[in-house]
Amino acid sequence: MQGTVAAGAARQGHPRGLYLLFFTEMWERMSYYGMRGLLVLFLTSQVNGGFGWTKSEALSLYGTYTGLVYLTPIVGGFIADRFMGQRRAVVLGGVLMMIGHLVLALPSVMMFYVGLGFLIIGNGFFKPNISTMVGGLYAPGDGRRDGAFTIFYMGINLGAMLGNFICGTLGEKVGWHWGFGSAGVGMFLGLIAFLALQKKLLGDVGLAPVKPTPQAQAAQGGGEKKGFSRDEIDRIIVIFIIALFVVAFWAGFEQAGGLMNLYTNEKVDRHLFGAEVPTTWFQNFNSLFIVALAPVFAGLWGWLAARGKDPSIPVKMGMGLVFLSVGFVFMLGASNQSADAGKAAAYWVILAYLFHTMGELCLSPVGLSMVTKVAPQRIVSAMMGVWFLANAAANKLSGVIGGYSEKLGEFDVFLYISIGTGIAGLILLVVSPVLKKMMHGTDEVKPASPTHEQAQGGSSVAAA
């Protein structure tokens, strides 16, 4: 694998480049989640320049926007793989997103749509490629990879917390466009850090388009053959199959920024010590739980891997769907209480976020890690884009599902989501042995083989 960083002390700690990617992703996610938390509130607001749309209209646009955000990574990943490399794609995407957030701050309906367009295109370049570079920091079979993606995931959620506190508070309390503009400042900070430290900390990772190694070409019967081996085809099929289950997960999970956000705004008692807590702050419970539990999950996966007992990737992801299903049971409790008393207690929503978070930690970082392990290396960024295609379909579906609350009521929508995600999780657990076999060992942890430099106790940048 070209451009792989082999960190010193093979099984001790993580490469420093992981923390640069952590920091860059943190500020990008600050901008994304800060804007996302405001979107449906702004669209439905009748005051301070809001558009005054209905819930179904707002949730439809929310689903379309978030769906396209996860659709464009297919193109961005392909372009990075074939032409510009992952690192340049991340910079280009970050610049486009920074411009998009600043354009959203302009008080114009037309410019609002233009800003969304910049965000959608920029995210297509940024998102698949920064995730792929995390995998590029580790050699094949390195048991730290799942843990690294969980640490990386902490950066995502620290950024989400900053976004909801900074952008959410400015948007709700000062003015919507102040919230949107502040998201652009966050993206700027992430770009500055990445540009300043990339050469020092990332080595060759993501610097050039990925090409098949001579060994991979020979395994396919010669340097000119461009097709895939039978094993590679099986592994690609696994990614597509698991992606179908991921659609079910994110269609439920993304209610956080849509229906659950509106429900919390209207039907949850948000008063604490005599003051009303901003609606956007409730989405921070997911991020707080991620930050608190991510080290626990990362340590658990590493501990199990070291003992040869690590659950397979499909098992972990099936567990994630089951946890999500349980989370919506608490939203059923909230719906019942608000129907009787007018307002639901906040703890119902907080408990739902707790179980959603546990599901997310079982599924999302593990899925990102899986793509970098299982996908053929010459198309890994493109396959990361395909992985995000599942998110695209799920986000649009989440808006459609949430919009049915105006006809069916929140209770029925939460009930159907709980049943559907629970069934999907059980099915994935049942078929997990077949999917694991089709991965042909690419998901397995292999013993470390220290390089000469590692034997000396130092770090090295190696092309494997």
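This is a predicted model, so every value here is computed, not measured. (Residues numbered from 1 in each chain as written. Predicted model: local features only at pLDDT ≥ 70, side-chain atom pairs only at ≥ 80, totals over all residues. Heavy atoms only, no water.)

1. A word on the packing of helix α3 (residues 73-104) against helix α14 (residues 380-403)
So, step 1. Contact pair α3 / α14: the axes reach a minimum separation of 7 Å and the direction vectors enclose 170 degrees. The pairing of α3 with α14 is recorded here as roughly antiparallel in orientation. Residues P73, I74, G77, F78, D81 and Q86 of α3 lie in contact with α14, whose contacting residues are V380, S381, A382, G385, V386, F388 and L389.
So, step 2. Here the contact of α3 with α14 is built from residues that sort into eight nonpolar, four polar and one charged. (Axes fitted to C-alpha atoms, helices over the stretch in contact; angles between N-to-C directions. Helix = DSSP H or I, 4+ residues; strand = E, 2+ residues; numbered from the N terminus. Parallel < 35°, antiparallel > 145°, perpendicular 65-115°, else oblique. Contact = heavy atoms within 4.5 Å. Nonpolar A, V, L, I, M, F, W, Y, C, P; charged D, E, K, R; others polar.)

2. Concerning the nonpolar core
So, step 1. With 124 residues, the main nonpolar core has L21, Y65, F112, I242, M317, M370 and W387 as its most contacted residues.
So, step 2. Each residue touching L21, except ones within four places of it in the same chain, is listed here: I130, M133, V134, L137, F152, F194 and L202.
So, step 3. One finds A80, A89, L96 and F125 within the second-largest nonpolar core, a separate group that totals five residues. (Core = buried A, V, L, I, M, F, W, Y, C linked by side-chain atoms within 4.5 Å. Buried < 20%, exposed > 50% of the residue type's maximum accessible area, 1.4 Å probe, protein only.)

3. Quick word on the environment of I74
So, step 1. Here I74 shows up in helix α3.
So, step 2. Taking the relative accessible area as the measure of exposure, I74 reaches 26% and is therefore partly exposed.
So, step 3. For I74 and G124, which are 50 residues apart along the polypeptide, the C-alpha to C-alpha distance reads 7.1 Å.
So, step 4. Beyond its immediate sequence surroundings of up to four residues, I74 is in contact with G385, V386 and L389.

4. Let's talk about the pattern of salt bridges
So, step 1. Summed over the entire model, instances satisfying the criterion amount to nine salt bridges.
So, step 2. Between E266 and K55 there is a salt bridge; the shortest N-O distance is 2.7 Å. Residue E266 is located in helix α9 (residues 259-267), and its partner K55 is located in helix α2 (residues 55-71); the two are separated by 211 residues in the primary sequence.
So, step 3. Across the pair R270 and E276 runs a salt bridge whose closest N-O atoms are separated by 3.4 Å. (Salt bridge = Lys/Arg side-chain N within 4 Å of Asp/Glu carboxyl O.)

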